[in-house]
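Read off the chains here:
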Amino acid sequence: LNHLSLLIRSMEGTLNNSQEWRSTLADFGSINSVPYSAHTEATENRGISDVRRTFCLFVTFDLLFITLLWIIELNANGGIKDQLTKEVIDYDFHTSLFDVFVLALFRFTVLTLAYALYRLRHWGAVAITTLITSAILIAKVIITELLSQGVFGYLIPIISFILAWIETWFLDFKVLPKEAENNNRLLPAGGVTERAPLIHPRTFSEGQFYSPPESIAGELAK
């Protein structure tokens, strides 16, 4: 009878041990699945970043500042109505600053569509706008007569050139690296630190210290 009760206790300990391992594996899977779903939901619901919003505001400032300078230049040279007719309707590349305003409008349209609406994570769009702006402004300064038109003749092209290159620098050295850093920071915060360890520290009860069934069967045979 003593051997029979010992055999029954050992079988009960084996069943309890297997059930604990099953519950441990189930907990391990449930713990690992929660951070992934949370990380996916956070990625989908995340809006435009603060540094990207600042970049879009600077692009808007670029357009408004160039527009303001151009309006001041029109008003300073004999009235807005007459100068609009001269620089827009009777456009001349050598004397008009209307193309500088068009370049600012071009930068604003392309950059807001690319980095605010479509949220691109590449510098290609700003490189194109800066390259086109720089080429036209350099050609305009070289072959035109803007310097003979007073301070605005060279002030507006220079400011437009500087703003275009500031946009390129800001996106390439501030926006894209900062967003990449934030995305990398989400991975350990959502998937690594909350992941359960592979081996759990467990405490054993007295019923779990038992002899293998083979040894008990041998004792019964004796």
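Just so it is clear, the model here is predicted, and its values are computed rather than measured.

Undergrad: Kindly report on the UniProt feature "transmembrane region" (unreviewed entry) in the chain, identifying the contributing residues and their values.
TA: Per the UniProt record, "transmembrane region" (unreviewed entry) is annotated on residues 55-76, 96-118, 125-143 and 149-171. Secondary structure content for residues 55-76 is 100% helix and 0% strand, and the end C-alpha separation is 32 Å. End C-alpha atoms of residues 149-171 are separated by 34 Å, and the span's content is 91% helix alongside 0% strand.

Undergrad: Please give an account of the environment of Tyr-115 that cites residues and values.
TA: As for its placement among the helices and strands, Tyr-115 is situated in helix α4 (residues 98-117). In the structure, Tyr-115 is positioned 11 residues away from Val-126 in sequence and 9.2 Å away in space, judged by C-alpha atoms. With near-sequence residues (within four places) excluded, Tyr-115 lies in contact with Ile-48, Arg-52, Phe-55, Cys-56, Leu-120, His-122, Trp-123, Gly-124, Ala-125, Val-126 and Leu-171. A polar side-chain atom of Tyr-115 sits 3.4 Å from the main-chain amide nitrogen of Ala-125.

Undergrad: Tell me about the nonpolar core, and please be specific about residues and values.
TA: In this structure, Ile-66, Trp-70, Leu-97, Val-100, Ile-156 and Ile-159 are the most contacted members of the largest nonpolar core, which totals 16 residues. For this core, the secondary structure elements donating two or more residues are α2 (50-76), α4 and α6 (151-192). Take this core: its biggest share by element is 5 residues, from α2. With near-sequence residues (within four places) excluded, Ile-156 lies in contact with Ile-66, Leu-69, Trp-70, Glu-73, Leu-97 and Val-100. In terms of nonpolar packing, the next biggest core, distinct from the first, is built from 12 residues, Val-51, Val-59, Phe-170 and Leu-176 among them.

Conventions adopted
Residues numbered from 1 in each chain as written. Predicted model: local features only at pLDDT ≥ 70, side-chain atom pairs only at ≥ 80, totals over all residues. Heavy atoms only, no water. UniProt positions renumbered as here; feature names shortened; annotations may be inferred. Helix = DSSP H or I, 4+ residues; strand = E, 2+ residues; numbered from the N terminus. Contact = heavy atoms within 4.5 Å. Polar contact = N/O pair within 3.5 Å; in protein donor to acceptor, adjacent residues only side chain to side chain. Core = buried A, V, L, I, M, F, W, Y, C linked by side-chain atoms within 4.5 Å. Buried < 20%, exposed > 50% of the residue type's maximum accessible area, 1.4 Å probe, protein only.

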